[in-house]
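# Examining the three-dimensional arrangement
Single-letter residue listing:
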Amino acid sequence: MTAALVKVEKRGQVGLLTLDRPKALNALSNEVIAELATALRAFDADDGIGAVVLTGSEKAFAAGADIGAMSTWSYADVFNQDYLGHDWESLRRIRKPIIAAVAGYALGGGCELAMLCDFIIAAENARFGQPEINLGIIPGFGGTQRLVRAIGKSKAMDMVLTGRMITAAEAELAGLVARVVPVERVLDEAVEAAALIASKSIMSVMMAKECINRAFEMPLDEGLLFERRNFHALFSTDDQKEGMAAFVEKRKPKFTNR
Ligand code: DAK
């Protein structure tokens, strides 16, 4: 049996996934993405898990898709096998929040994977980049789309066209990452944030995630209506009654996710 490329752990109500292919700086082979997709789907279906943290090593979150594997492929090879299509696409369907805890390199598909997560907590040594241009290709999983939405056209053009890396400090200033912390804190910070999220009502958490993601897809008018309908819907839940009763009674809420 081959060793797992993604370590799967539970810390209370937090699912923790660690990319574990150190010799290739966590390069995202088909096998890594398939394991990641399987583990995320399992956490998504697990009632005991409220949020997920995805991390790598201190040196690399992930240095991109596997260049060795890609190097000899033709257009027909990648098109016919829908290279990285199915499993990568399925990562977008996860309903529970995913926090990326990024230390070291997050390059190419690694940067795209971090951006696919709901937010990024970066270590001070994190480096983000879309260096595909140096390989004669372009980003293939959202680098030309999510990056623009995250940091705007000018900075996205700079990163994608020059292939240069940006520091954690630059990434925070640009709005790509939510927080920057010392490298030894990054995992704990992300797990604590995930535990805090997991302590809320999962229904409101998942609806909030859906609403925010819809902001990228919909005109404002439709997005506001989508938000309002979800807001209305939450008044049918036990957790809304419990959350508000607890506030009025000055106690902590006990959510049941119903
Ligand atoms: N793939 C395979 N192996 C990699 C790798 C990668 N992306 N990055 C690093 N490695 C391997 C190196 O080959 C080396 O292996 P050995 O020689 O020891 O066997 C080992 O990791 C350590 O790397 P270095 O010796 O280079 O370490 P350094 O500290 O000197 O440099 C570095 C670190 C991260 C700056 C450097 O390794 C580097 O530039 N790596 C390549 C970064 C890169 O260009 N990434 C973009 C790849 S293209 C799609 C989804 C995703 C994508 C496309 C489509 N669809 C859904 C359609 C994504 C594409 C990409 O990511």
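Below is a summary of the structure that appears in this document. (Residues numbered from 1 in each chain as written. Predicted model: local features only at pLDDT ≥ 70, side-chain atom pairs only at ≥ 80, totals over all residues. Heavy atoms only, no water.)

### Regarding empty space enclosed by the protein
Tallied over the entire structure, the rule returns 1 cavity of 30 Å³ or more. If you go around the largest cavity, the residues you meet are I151, K155, D158, M159, R164, I166, E170 and A174. Listed by contribution, the elements that provide at least two residues to the lining of the largest cavity are α7 (153–162) and α8 (168–174). No other element matches the 3 residues that α7 contributes to the lining of the largest cavity. Considered class by class, the residues forming the lining of the largest cavity number 4 nonpolar, no polar and 4 charged. (1 Å grid on protein atoms, 1.4 Å probe; cavity = no way out; pocket = protein on both sides within 12 Å on 5 of 7 lines; lining within 4 Å. Points joined across faces, edges and corners; volume = space filled by probe spheres on them. Helix = DSSP H or I, 4+ residues; strand = E, 2+ residues; numbered from the N terminus. Nonpolar A, V, L, I, M, F, W, Y, C, P; charged D, E, K, R; others polar.)

### Some remarks on the nonpolar core
The biggest cluster of nonpolar side chains holds 49 residues, and the ones touching the most others in it are L36, F128 and L176. The element best represented in this core is helix α1 (residues 30–45), accounting for 7 residues. When near neighbours in sequence (up to four residues on either side) are disregarded, L176 contacts M115, I120, F128, L147, A150, I151, I166 and A171. Counting residues in hydrophobic clusters, the runner-up holds 17 residues, among them V53, A123, A193 and V205. (Core = buried A, V, L, I, M, F, W, Y, C linked by side-chain atoms within 4.5 Å. Buried < 20%, exposed > 50% of the residue type's maximum accessible area, 1.4 Å probe, protein only. Contact = heavy atoms within 4.5 Å.)

### So, unusual backbone geometry
One non-glycine residue, L25, adopts positive backbone phi at about 50 degrees. Along the polypeptide, L25 turns up in the loop between β2 (14–19) and α1. Despite not being glycine, N257 has its phi angle at roughly 60 degrees, a positive value. Turning to its location among the elements, N257 is positioned in the segment after α12 (238–248).

### Observations concerning the site of the ligand
In the vicinity of the ligand lie 25 residues, with K59, A63, A65, I67 and G109 positioned nearest. The contact in question runs from an oxygen atom of the ligand to an N or O atom on the backbone of A65, over 2.7 Å. Taking I67, its main chain carries an N or O atom lying 3.0 Å from a nitrogen atom of the ligand. Here the ligand loses 63% of its free accessible area of 1,100 Å² to cover by the protein chains. Listed by contribution, the elements that provide at least two residues to the shell around the ligand are α2 (67–70), β6 (105–107) and α5 (109–116). A class-by-class count of the residues in the shell around the ligand yields 16 nonpolar, 4 polar and 5 charged. (Near = heavy atom within 4 Å. Polar contact = N/O pair within 3.5 Å; in protein donor to acceptor, adjacent residues only side chain to side chain. Areas by Shrake-Rupley, 256 points an atom, 1.4 Å probe, with all protein chains shown as cover.)

### Observations concerning the packing of helix α10 (residues 202–214) against helix α11 (residues 220–234)
Here α10 crosses α11 at 175 degrees, and the two axes come no closer than 10 Å. Of the possible angle classes, the one that applies to α10 and α11 is roughly antiparallel. Residues M203, S204, M207, E210, C211 and R214 of α10 form the contact with α11, whose participating residues are F226, E227, N230, A233 and L234. Looking at the contact of α10 with α11 residue by residue, the classes come out as 6 nonpolar, 2 polar and 3 charged. (Axes fitted to C-alpha atoms, helices over the stretch in contact; angles between N-to-C directions. Parallel < 35°, antiparallel > 145°, perpendicular 65-115°, else oblique.)

### Thoughts on the sheet that holds strand β7 (residues 119–123)
The strand order β1-β2-β3-β5-β7-β10 describes an open sheet built from 6 strands, whose pairing is mixed. The sheet is open, and its two borders are formed by β1 (6–11) and β10 (179–181), each paired with just one other strand. Neighbour-to-neighbour, the strand axes of this sheet turn through a mean angle of 20 degrees, independent of strand direction. Pairing geometry for β1 and β2, over 6 bridges, is antiparallel. Directly across from V6, in β2, lies its bridge partner L19. Lying over the sheet, α1 contacts β1, β2, β3 (51–55) and β5 (98–102), oriented at roughly 175 degrees with respect to β2. (Pairing = 2+ DSSP bridges.)

Structural measurements only, silent on function.
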